Structures are given as C-alpha cells and as structure tokens.
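# Coordinates in review
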Amino acid sequence: MEKFYKEQAEESEKREKKIIALLENAAKAYRKYLTLFDDNKTARQIAQDEQKLHNERPKRYGMSKWAEIIGGTKTLNDGAEIPMIGLGSNKIVDQVTLNDFIQSALEIGYRLFDTAEQYVNERELGCAIKTVLPKVKLKREDIFITTKVRIEDGNAASWAEQSVVGSLKKFDTTYLDLVLIHYPRDRKAGSDDAYETNKKSRREAWKKLEQLKEEGLIRSIGVSNFEVYHLVELLEYAKAFSSLARGNQEILKEAAVQEPAKRFDVSPQVNS
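Here we summarise the structure given alongside this text. Here the structure is a predicted model, which is why all the values come from computation and not from measurement. (Residues numbered from 1 in each chain as written. Predicted model: local features only at pLDDT ≥ 70, side-chain atom pairs only at ≥ 80, totals over all residues. Heavy atoms only, no water.)

## Things to note about the nonpolar core
Within the largest apolar cluster, 45 residues are counted, with the highest numbers of intra-cluster contacts made by Leu106, Val164, Trp206 and Phe241. If you list the elements that add at least two residues to this core, you get helix H3 (95–108), helix H4 (122–132), strand S5 (144–149), helix H5 (156–171), strand S6 (176–181), helix H6 (195–214), strand S7 (218–224) and helix H7 (228–234). Counting residues in hydrophobic clusters, the runner-up holds seven residues, among them Ile82, Phe144, Leu178 and Leu180. (Core = buried A, V, L, I, M, F, W, Y, C linked by side-chain atoms within 4.5 Å. Buried < 20%, exposed > 50% of the residue type's maximum accessible area, 1.4 Å probe, protein only. Helix = DSSP H or I, 4+ residues; strand = E, 2+ residues; numbered from the N terminus.)

Here is the structure:
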C-alpha cells in the first residue's frame, strides 16, 4: 500500500506541475496581450497584473467529483454515484490524525469515507472533512459519506431514526450518501437464536430507512454483515435496496444472493 500511495502522490504532483505550467503560460500570454493592445498600461502595471494572476493560481491541484477519483465510480440502482474504492475510519478517533488522514486521502483521489455510529468518531470525521475540503478546493457534494446504524430490539425504528439524525448533526450535513444497517441483529443483546425478534427489528429499521430516504435525508440505503437468509428475507419486502457491504466476499458468490441481487440490481461492496 505504501508503494501505491507513493505512486499516486507522484502522479498528483505531476498533474499539479502541468496545471501550474499552463497558468504561467496563460499569464505570459496575458501580459503580451496587454502590451500589444492596451497603450494605457505601463510596464509596471502589466507586471502587477501578471503577479496577481500568479498569486491566484491554485496551490494544489483542484480536484472535482468527476475527475481523479481512485477506482472511478459506479451508478447505483437509485441513480446515485458511488466511488468504487473508499477508506474506512474504524478505530481512528484522534482529531489531528483524522485531519491528516482525510487531507492525504483527498489529495490522492479518495472520495468515499466509511464510518459507523459504533465507531464513535462521526463527529471527529465530520469536523475533519469540513476543515479539509476548502484546502483541496472541494465541496460536500464532491465526497461520499457512508455510515451505519445498528438495530435495537423492541425499538428498532426509533433507534434507526435517532441514529441517522444524530449522524446528520455530527457531520453537519443535510444528507448522508449511504446508510447501512450495520448488523442483522442487536449486537449487544440479540443472538442468532432470537430469529423472530431480530426479523421484526430488521424490518422496522429498514422501513424507517426507506422513509428517511424518501424524505431526502439519505440518498441510498443498504445492509452490512447480513447472511444469505437475511438477504433473502429482506428482498421480500424492501422497496429500495442499493448496496450490500460484507467483510467476506465469499457470500457474494452464493447463488441465493446473486439471483435476487441481480434481479434488484443491488451493488455489492467488500470491506477489507
């Protein structure tokens, strides 16, 4: 990975030098234009104009949503664009570290950042993003934020809504790009044996996410760490289903997953 980061940084530096060279040539052309066609300009004024253009050039290569994204993008079944490669932030909670982490990532082309309520770093990650975006000449709409909510037995819908609203406040944003149900059960209290309880909670949480998506607070919704039978169950009642995130990519090869995923055009994600 270190070699990869180094190569990306070198490519970014090359692009930056090209942009600066173009701007310098433009400044020279502008000076020549003034010399030829504006008799009211003195040589000193022309030099000042050239210096002004020089000072206004970007200090770093200005990246946009549609260019220089590592891995490119994919269109989800709801029309949203998602970067193909992103960075997770689990266990990174120090603000200074996150600031450096986000700035370095954005400078080499990362646009998707993954977190979760359970990581306890949404506020710090949001602060880092808000601090760094102006430095690299990007806006909120140029990045993709993925977070996850957990379900709570007996109060899944309310918990999901509180979690999403809390994430919006922590990120200081009006929308989240992708929200996933983190686990198919209450990880603190539930167990795989409590199937009926978990099934009810999954459905309630999912329906609430669909509602929040319709209200515009979430752009896309999906699930994480679901097993095959969870996915088959979900696809029976899901109206909107954009993404499946899974730590083990072997499950994505299961026929029971591939067929409904293909039918609903669900985009798989692999976490590593």
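Okay, back to it.
## Looking at the packing of H5 against H6
H6 packs onto H5 with a crossing angle of 40 degrees between their chain directions and a minimal axis gap of 7 Å. Judged by the angle between their axes, H5 and H6 are oblique. Note that H5 runs across H6; the crossing there is right-handed. Across from Ala156, Ala157, Ala160, Glu161 and Val164 in H5, the residues of H6 making contact are Ser201, Glu204, Ala205, Lys208, Leu209 and Leu212. Residue classes in the contact of H5 with H6 are distributed as seven nonpolar, one polar and three charged. (Axes fitted to C-alpha atoms, helices over the stretch in contact; angles between N-to-C directions. Parallel < 35°, antiparallel > 145°, perpendicular 65-115°, else oblique. Left-handed = near helix turned anticlockwise from the far one by under 90°. Contact = heavy atoms within 4.5 Å. Nonpolar A, V, L, I, M, F, W, Y, C, P; charged D, E, K, R; others polar.)

## Some thoughts on the pattern of salt bridges
Scanning all chains against the criterion turns up nine salt bridges. Residue Lys148 is joined to Asp114 by a salt bridge in which the shortest nitrogen-to-oxygen separation is 2.5 Å. One end of the pair, Lys148, is in strand S5; the other, Asp114, is in strand S4 (residues 112–114), and 34 residues separate them in sequence. One salt bridge in this structure joins Arg140 and Asp177, with 2.9 Å as the shortest N-O distance. Of this pair, Arg140 sits in the loop between H4 and S5 while Asp177 is found in strand S6, placing the two residues 37 residues apart along the sequence. (Salt bridge = Lys/Arg side-chain N within 4 Å of Asp/Glu carboxyl O.)

## Quick notes on unusual backbone geometry
One non-glycine residue, Lys137, lies in positive phi territory at about 60 degrees. Tracing the chain through its elements places Lys137 in the loop between H4 and S5.

## Structural notes on the packing of aromatic side chains
Two aromatic rings are characterised by how far apart their centres lie and by the angle between their planes. Tallying each qualifying case throughout the model produces zero aromatic pairs. Here Arg140 stacks its cationic end above the ring of Tyr175, 4.1 Å away from the centre of that ring. One Lys or Arg, Arg203, reaches over the ring of Tyr237 and ends 4.6 Å from the middle of that ring. (Phe/Tyr/Trp six-rings, centres within 6.5 Å; stacked < 30°, edge-to-face > 60°. Lys NZ or Arg CZ within 6 Å of the ring centre and 35° of its normal.)

## Structural notes on the pairing of S5
Walk down a regular strand and you will see the side chains alternate between the two sheet faces. Burial analysis of S5 places six of its six residues in the buried class, the great majority of the element. Burial of the side chains of S5 extends over both faces: Phe144, Thr146 and Lys148 are buried on one face and Ile145, Thr147 and Val149 on the other. Each parallel crossover has a hand, and the one from S4 via H4 to S5 is right-handed. Relative to S6, S5 is paired through four bridges, and the arrangement is parallel. What sits directly across from Val149, in S6, is Ile181. (Right-handed = clockwise from strand over helix to strand, strands pointing away. Pairing = 2+ DSSP bridges.)

## Focus: H5
Counted at 1.5 Å a residue, the expected span for H5 with its 16 residues is 22 Å, and the 22 Å between its end C-alpha atoms agrees. Of the residues making up H5, those classed as buried are Ala156, Trp159, Ala160, Ser163, Val164, Ser167, Leu168 and Phe171. Two residues or fewer past H5, Asp172 is found with a positive phi of approximately 55 degrees. (Expected span 1.5 Å × (residues − 1).)

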